[in-house]
Amino acid sequence: MTMAIVTFTSPTMRKNKTVYAIAGDTKTILVLAEQNHVPIPFECRDGECGSCLIEVSYDKPTERNAIAFTEKEKIKLKELGKLTEQEIQDAEISDLPPRYRLACQFIARDEDVTITFTGEPGGA
């Protein structure tokens, strides 16, 4: 069974927290955070509000699979000024991951990632 190693980091946390996500599982990063008592702020859980904005960095840049956006996520990230048309094309055509995602929409597959959030709704 393949696992993704997900490390959460935030100034609101005493220390970083590293957890495992089972590859192929459809839990979002927000659900994974909640299950592990990581305080990512959220309001709607549906990609509408942008309060769960996170910054994602890939620990092994050659292994990047969780590129797919939902339409809601694309719209909200563009509204927040965190995603350009070029970054959408890079993600959808060239499999280049964007820097910002919404925790309620992003699903880690089998790559190791570090999730950074400020602890403020919509701040990453």
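The rules behind these values
- Residues numbered from 1 in each chain as written.
- Predicted model: local features only at pLDDT ≥ 70, side-chain atom pairs only at ≥ 80, totals over all residues.
- Heavy atoms only, no water.
- Core = buried A, V, L, I, M, F, W, Y, C linked by side-chain atoms within 4.5 Å.
- Buried < 20%, exposed > 50% of the residue type's maximum accessible area, 1.4 Å probe, protein only.
- Helix = DSSP H or I, 4+ residues; strand = E, 2+ residues; numbered from the N terminus.
- Contact = heavy atoms within 4.5 Å.
- Pairing = 2+ DSSP bridges.
- Axes fitted to C-alpha atoms, helices over the stretch in contact; angles between N-to-C directions.
- Salt bridge = Lys/Arg side-chain N within 4 Å of Asp/Glu carboxyl O.

S.K.: Outline the nonpolar core, listing residues and values.
M.R.: Formed by 32 residues in total, the largest nonpolar core has its most connected members in Val6, Phe8, Ile29, Ile40, Ile54 and Ile115. Secondary structure elements with two or more residues in this core: β1 (3-9), β2 (17-22), α1 (29-35), β3 (53-58), α3 (85-94), β4 (100-102) and β5 (113-116). Setting aside chain neighbours within four positions, we find Ile40 in contact with Phe8, Ile29, Leu30, Ala33, Cys52, Ile54, Ala103, Ile115 and Phe117.

S.K.: Any chance you could break down helix α2 (residues 71-79) for me, citing the residues and the numbers?
M.R.: When α2 is considered as a whole, its buried residues turn out to be Glu73, Lys74, Lys76 and Leu77. Buried residues in α2 make contact with β3, α3 and β4. Phi for Gly81, located one or two positions after α2, is positive at around 75 degrees.

S.K.: Can you lay out the sheet that holds β4 for me, pointing to particular residues and giving the numbers?
M.R.: The five strands are arranged β2-β1-β5-β3-β4 in an open sheet whose pairing can be described as mixed. Every other strand in the sheet has two partners, leaving β2 and β4 as the edge strands with one partner each. The average angle at which neighbouring strand axes cross in this sheet is 35 degrees, direction not considered. Here three bridges tie β3 to β4, and the two strands are oriented antiparallel to one another. Across the sheet, residue Glu55 finds its bridge partner in β4, namely Tyr100.

S.K.: Before we move on, can you summarise the pattern of salt bridges with the specific residues and values?
M.R.: Counting across every chain of the model gives nine salt bridges. Here Lys74 ties to Glu71 by a salt bridge, and the two come within 2.9 Å at their closest N and O atoms. Of this pair, Lys74 and Glu71 both sit in helix α2, three residues apart, which is roughly one turn of the helix. By relative accessible area, Glu71 is classed as exposed at 53%. A salt bridge links Lys78 to Glu85; the nearest nitrogen and oxygen atoms lie 2.3 Å apart. A single salt-bridge network, built from bridges that share partners, covers Asp46, Glu48 and Lys72.

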